[in-house]
Amino acid sequence: MKSILENRPELAYEVNQAAEVAGYLWQKGWAERNGGNITLNITEYVDDEIRALPAISEVKQIGKVLPYLKGCYFYCKGTQMRMRDLARWPMANGSIIRILDDCASYVIIADQPVMPTSELPSHLAVHNYLLEKGSPYRASLHTHPIELIAMTHNKKFLEKDVATNLLWSMIPETKAFCPRGLGIIPYELPSSVKLADATIEALNDYDVAMWEKHGVFAVDVDIMSAFDQVDVLNKSALIYIAAKNMGFEPDGMSQETGVKELTEKYRKRFEAFYHTEGSNTDRKGSRRKRTEESPSFLKEVIHSILDTLPELLPSMVLSKPRVITLCTENIAVLKHALSLLVDFL
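Definitions and cut-offs
Residues numbered from 1 in each chain as written. Predicted model: local features only at pLDDT ≥ 70, side-chain atom pairs only at ≥ 80, totals over all residues. Heavy atoms only, no water. Buried < 20%, exposed > 50% of the residue type's maximum accessible area, 1.4 Å probe, protein only. Helix = DSSP H or I, 4+ residues; strand = E, 2+ residues; numbered from the N terminus. Pairing = 2+ DSSP bridges. Right-handed = clockwise from strand over helix to strand, strands pointing away. Contact = heavy atoms within 4.5 Å. Axes fitted to C-alpha atoms, helices over the stretch in contact; angles between N-to-C directions. Phe/Tyr/Trp six-rings, centres within 6.5 Å; stacked < 30°, edge-to-face > 60°. Lys NZ or Arg CZ within 6 Å of the ring centre and 35° of its normal.

**Q** Explain the pairing of strand β8 (residues 208-211) to me, and be specific about the residues and the numbers.
**A** By the alternation rule, side chains of β8 split into Val208 and Met210 and Ala209 and Trp211, which are all buried. In terms of strand pairing, strand β7 (residues 182-185) meets β8 through four bridges, oriented parallel. In the sheet register, Gly183 faces β8, and the bridge partner there is Ala209. The parallel pair β7 and β8, bridged by helix α8 (residues 193-202), forms a crossover whose chirality is right-handed. Bridge count between β8 and strand β9 (residues 215-220): four bridges; the pairing is antiparallel. When the bridges of β9 are listed, Ala209 appears paired with Phe217. In this structure, the hairpin formed by β8 and β9 is closed by a connection of three residues, where Lys213 is found at a positive phi of approximately 55 degrees.

**Q** Which residues make up the environment of Leu69, and what values do they have?
**A** Note on placement: Leu69 falls in the loop between β2 (60-61) and β3 (73-77). Expressed as a C-alpha distance, the spacing of Leu69 and Ala104, which sit 35 residues apart in the sequence, is 9.0 Å.

**Q** Describe the side chain of Ser122, listing the residues and the values that go with them.
**A** Residue position: Ser122 is located in helix α4 (residues 120-132). Classification of Ser122 as buried rests on a relative accessible area of 13%. The contacts of Ser122, once residues within four sequence positions are left out, are Ser191, Ser192 and Ala196.

**Q** I'd love a proper account of the pairing of strand β4 (residues 94-99), names of residues and values included.
**A** Looking down a regular strand, the side chains alternate between one sheet face and the other. Along β4, six of the six residues are buried, which leaves the element largely enclosed by surrounding structure. Across the two faces of β4 the burial is the same, with Gly94, Ile96 and Arg98 and Ser95, Ile97 and Ile99 all buried. Judged from the five bridges that link them, β3 and β4 form a sheet pairing that is antiparallel. Bridge pairing links Cys76 to Ser95 in β4. Here β4 runs beside strand β5 (residues 105-110); their pairing, made up of four bridges, is antiparallel. For Ile99, the partnering residue across the bridge sits in β5 and is Tyr106. Hairpin connection from β4 to β5: five residues lie between these consecutive antiparallel strands, with Cys103 at a positive phi of about 60 degrees.

**Q** I'd like to hear about the sheet that holds β9, residue by residue, with values.
**A** If you walk across this open sheet you meet the nine strands as β2-β5-β4-β3-β1-β6-β9-β8-β7, and the pairing is mixed. Sheet topology places β2 and β7 at the edges, where each strand pairs with a single neighbour. Bridge count for strand β1 (residues 37-41) against β3 is three bridges, and the pairing is antiparallel. Looking at β3, one finds that Leu40 is bridged to Tyr75. Across the sheet, helix α9 (residues 223-245) is in contact with β1, β6 (139-143), β7, β8 and β9; its angle to β9 comes to roughly 135 degrees.

**Q** Would you mind going over the packing of aromatic side chains in detail, with residue names and values included?
**A** How two aromatic rings sit relative to each other is set out by the distance from centre to centre and by the angle between their planes. A full pass over the atoms with the stated rule returns four aromatic pairs. Each ring, one from Tyr24 and one from Phe227, has its centre 5.5 Å from the other, and the planes form 35 degrees; the classification is tilted. Remark: Phe227 occurs in helix α9 and Tyr24 occurs in helix α1 (residues 9-27); sequence separation between them is 203 residues. For the ring pair Trp30 and Phe227, a centre distance of 6.1 Å and an interplane angle of 45 degrees mean the geometry is tilted. Of the two residues, Trp30 is situated in the loop between α1 and β1 and Phe227 in helix α9; the sequence distance between them amounts to 197 residues. Each member of the pair, Trp30 as well as Phe227, carries the same accessibility label: buried. Three or more aromatic residues link up through ring pairs in this structure, and these residues are Tyr24, Trp30 and Phe227. For the cation-ring pair, Arg84 lies above Trp26, with the distance from its terminal atom to the ring centre recorded as 4.7 Å. For Lys175, the ring lying beneath its charged end belongs to Trp168, and the centroid distance is 3.8 Å.

Now the structure itself:
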């Protein structure tokens, strides 16, 4: 049987990237048995032939109405499927679904009738929220990073931004690649409506949400970027735990010193990125559809630098969403903002 991925290199790349990430999750011990989940919004890669494909499953109810998902398509990990198997056979351990016009149900269209997990409604609710607010994020990841989960067994790390500030202080890359930090969600039953609602609320301020004594939920422009955020956060947790095991409390970097050093570094990366922006091919040689999705632009520059502007420049009366919108729409404004920030520091 012909796979939906055949002769669709961009769609195949996204699904194969999910398979690559699944392999990393298994290798790191973050995906025991059938643990974890991956959901990708692949609507932009859907053509007329895919839209005409018949359903290969009966209609399945989502359990709630998600109006921004009308006509959307998703790649979803299958129920009871293992990440180690998805890494080798992504279309045998996951499937592509179509959201129906009632925005409350879906059907499977390819390749096989592999049922999505019980967490699908929660993942879809998050994607509905992302589309509603105009986010470029198209991937969601749930996994069980050991050291981060261990930290949630200590009540002091469950207080707002305590874990974020600690993890940021362990290594500079954590602030660079996880500029919005780690949101903490008190324990709720897995796959519950309460957990889904709490996750969506946390995503107002964070890209990675930590479910107490359970795992993390991360969103980003693609699944590799979502994985990278979790990977870097867990590296910081490993550094902290290693220092404690050596018998001392790690000093960590001060927020002031870290921001000063990172700001200048990001400014140089920003200039280098735009100097080479004329190249319109990605690392696989495929045409890029959205250059603004480059991690160097969104993650290493915009979020990490502009998040500090409202506090540093209060006279400009800028909110975080406002300053990010202004600067992403106008490169001159962004360059000026970066100059102001560096000069101010």
